[in-house]
Amino acid sequence: MTRVARDYGDKLHNEAFRSVPLHTNFLMNRFPNYKIGTKNIAIEPNGDPEVPPLKEIVAKETADLLDRRQRLSVRELAKKFEKGLYTATLLSNEVKWGQVALLERDVLVDKLRNVLDSLRGRVVSKNRDELESSISMAEKLAVQLPQREGELLQQKAEVKKLATSLKLASEDAKRIVDEERVNARIEIESARAAVQRVQQALHEHEELSRRTEKQDVQELKTEVQAARRIKMLHYRSKVMDMENEIQVLRAQFAEKASLSVQLRKELTMRKSPKENKDRIYELEGLESLGSCLHIIRRTNTAPNVSDCLIQWYRIQPVGSKIELISAINISGATKPVYAPEPFDVGRFLQAEITFGDDSVTVKTAGPIDPAAGLGSYVEELVRKPETEFNVVVVQENGNDCDVDPIHVLNIGRLRMKLSRGKAVVAKEFYSSSMQLCGARGGGNAAAQTLFWRPKKGLHLTLAFESVRERNAAIMLARRFAIDCNIMLAGPGDRTTG
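Residues numbered from 1 in each chain as written. Predicted model: local features only at pLDDT ≥ 70, side-chain atom pairs only at ≥ 80, totals over all residues. Heavy atoms only, no water.

Attention shifts here to the packing of aromatic side chains. For the structure shown, the criterion picks out three aromatic pairs. Ring centres 6.2 Å apart and planes at 55 degrees place the aromatic pair Tyr-281 and Phe-355 in the tilted group. Residue Tyr-281 is located in strand 3 (residues 281–284), and its partner Phe-355 is located in strand 8 (residues 348–355); the two are separated by 74 residues in the primary sequence. A cation sits over an aromatic face here: Lys-363 above Phe-348, 4.8 Å from the ring centre. (Phe/Tyr/Trp six-rings, centres within 6.5 Å; stacked < 30°, edge-to-face > 60°. Helix = DSSP H or I, 4+ residues; strand = E, 2+ residues; numbered from the N terminus. Lys NZ or Arg CZ within 6 Å of the ring centre and 35° of its normal.)

Sheet strands associate in pairs through backbone hydrogen bonding, adopting either a parallel or an antiparallel arrangement. The three strands are arranged 3-4-7 in an open sheet whose pairing can be described as antiparallel. Lying at the two open borders of the sheet, with one neighbouring strand each, are strand 3 and strand 7 (337–338). With two bridges joining them, strand 4 (residues 293–297) and strand 7 adopt antiparallel strand pairing. Each bridged residue has a counterpart across the sheet, and for Leu-293 the counterpart in strand 7 is Tyr-338. (Pairing = 2+ DSSP bridges.)

Looking now at the environment of Ile-411. Position of Ile-411 among the secondary structure elements: in strand 12 (residues 407–412). Ile-411 sits in the buried class, given a relative accessible area of 1%. Separated by 22 residues in sequence, Ile-411 and Phe-389 place their C-alpha atoms 8.2 Å apart. (Buried < 20%, exposed > 50% of the residue type's maximum accessible area, 1.4 Å probe, protein only.)

Another point: the environment of Met-416. Position of Met-416 relative to the elements: it lies in strand 13 (residues 415–420). Distance in space between the C-alpha atoms of Met-416 and Lys-427 is 5.8 Å, their sequence separation being 11 residues. Discounting residues that sit within four places of it in the chain, Met-416 has contacts with Leu-409, Asn-410, Ile-411, Ala-426, Lys-427, Glu-428, Tyr-430, Met-434, Trp-452 and Ala-477. (Contact = heavy atoms within 4.5 Å.)

Glancing now at a negative patch on the surface. A cluster of acidic residues, Glu-213, Asp-216, Glu-219 and Glu-223, forms a negative patch at the surface. Summarising the element assignment, Asp-216 is placed in helix 4 (residues 128–271). (Patch = residues over 30% accessible without salt bridge, like charges linked within 9 Å, V, L, I, M, F, W, Y side chains within 5 Å. Areas by Shrake-Rupley, 256 points an atom, 1.4 Å probe, with all protein chains shown as cover. Salt bridge = Lys/Arg side-chain N within 4 Å of Asp/Glu carboxyl O. Lys, Arg positive; Asp, Glu negative; His and termini not counted. Charge placed at Lys NZ, Arg CZ, Asp CG, Glu CD.)

Now for the nonpolar core. Ranked by size, the top nonpolar core spans 31 residues in total, and within it Leu-409, Ile-411, Tyr-430, Trp-452 and Leu-462 carry the most contacts. Not counting residues within four places of it along the chain, the set of residues in contact with Leu-462 comprises Val-391, Val-392, Val-393, Leu-409, Leu-418, Gln-448, Thr-449, Leu-450 and Trp-452. Listed in part, the 19 residues of the second largest apolar core include Cys-308, Ala-333, Ala-351 and Ile-368. (Core = buried A, V, L, I, M, F, W, Y, C linked by side-chain atoms within 4.5 Å.)

This part is about the pattern of salt bridges. Summed over all chains, the structure comprises nine salt bridges. Measuring nitrogen to oxygen at the nearest pair gives 3.7 Å for the salt bridge that ties Asp-172 to Arg-175. Residue Asp-172 and its partner Arg-175 are located together in helix 4, separated by three residues, close to a single helical turn. Overall, the relative accessible area of 36% leaves Asp-172 in the partly exposed class. Of the charged contacts, one joins Arg-210 and Glu-207 as a salt bridge, the two residues approaching to 3.7 Å between their closest N and O atoms.

The next point concerns the sheet that holds strand 9 (residues 358–363). Taken together, the four strands give an open sheet; going across it, the order is 6-5-8-9, and neighbouring strands pair in antiparallel fashion. For this open sheet the edge positions go to strand 6 (322–324) and strand 9, each flanked by a neighbour on one side alone. Ignoring strand direction, the axes of neighbouring strands in this sheet form an average angle of 30 degrees. Pairing analysis gives seven bridges linking strand 5 (residues 309–315) to strand 8, with the strands arranged antiparallel. Paired with Ile-315 across the bridge in strand 8 is Phe-348. (Axes fitted to C-alpha atoms, helices over the stretch in contact; angles between N-to-C directions.)

A separate point is unusual backbone geometry. The backbone of Asn-397 sits at a positive phi, close to 55 degrees, despite the residue not being glycine. As for its position among the elements, Asn-397 is in the loop between strand 10 (386–396) and strand 11 (399–400). Even without glycine at this site, Asn-485 takes up a positive phi of about 65 degrees. Its location among the elements puts Asn-485 in the segment after helix 7 (467–483). Judged by relative accessible area, Asn-485 falls into the exposed class, the value being 72%.

Below is the structure:
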């Protein structure tokens, strides 16, 4: 409580009496909100904005909290409780300020009553009624102020209760937040542990699947290898049986062919006994593709074949047209040994032997027969875009070559290529300048060699691994060249473009 000294009251009494004007109107239903300024002059403040009652503010905040409680998370609810607690604190401070203002108003009312009482004896009768009404209004205000103070005390108690409840609610919210945070951490840890367990299980499953897959693949490889081994064993045995059968058939065919040739010769000798007596040379060997024909003496009185001049010819079966087998730039066609090539199939072969001023001729009993199974083999190769053969270069430009490593002869649809490893020896497209034929001499090895002139200034003699591959290479190259409108033949042949 504010205490006022007696001397200060007397002084204020005298000054207030002098400062109050006579035309002051005291007929009001409430006491104005005056403030004491400098020199104890009462100043009426400017119009303040109306503040809603404290109960309405508290009720509105409480209703808002209750309304949003269901929609807010725990953390937001805690923030709301803290905000409500802060609002309640502000309201409590406002109540305190209101109590201070009431105390100041009590002091002012008491001073006003004292001033009015002192003026009662000094005021003339003209203003006495107004003074009495002012005194009565001051007494009413003195009565209303305790009532207002009681209401404020009640509001203060309610605000304290609300603040206490808000504080408790805030503490509960904080506790709930802490509990929820702990529970969330526990759930997060459990979730992490569950994720780790799942990841570990997935990793173990992947490892197991990999091991199982590797094991399955290994078992599958083992089974495939075993199946391949069994298949190869069976295939080998089957192929070996077929090869043995083919060899037996070839031997039988050769025997039959030789017997046929011998019978043809005997038949020819019987048809012309006089000519046979004068015949001192004859051809020996199978008259088929893949064999060699040798000129031999029938009598010891005949000159040695190596001392005679020899020339080989082809004879058409129809019309008996004779074609010279040239020996230009190649050994052969003038030797006592000649290996038929695919171009000779279906034609007779004849050799003219000259010794001194005399000459004799020997001729095959029939046209040259094709090799068994060679046509089907070439048809299989034609389906491929290109075929490779392992060869050895025997001669280059007529000069014998040293023992060279294996070369690869590639026969394609448009060109032929000879290479040794990555180095290319010759590579040319089919053209009219290219020549290809079988080697025309050279002993028994002539059946496995061929002559190839890829371009002018270069001609090669190549040896194959077998007679079959040599003949297949010639037929395949000529087949592809024909598709390019080129006819491949040997040097000097009439069909050479």
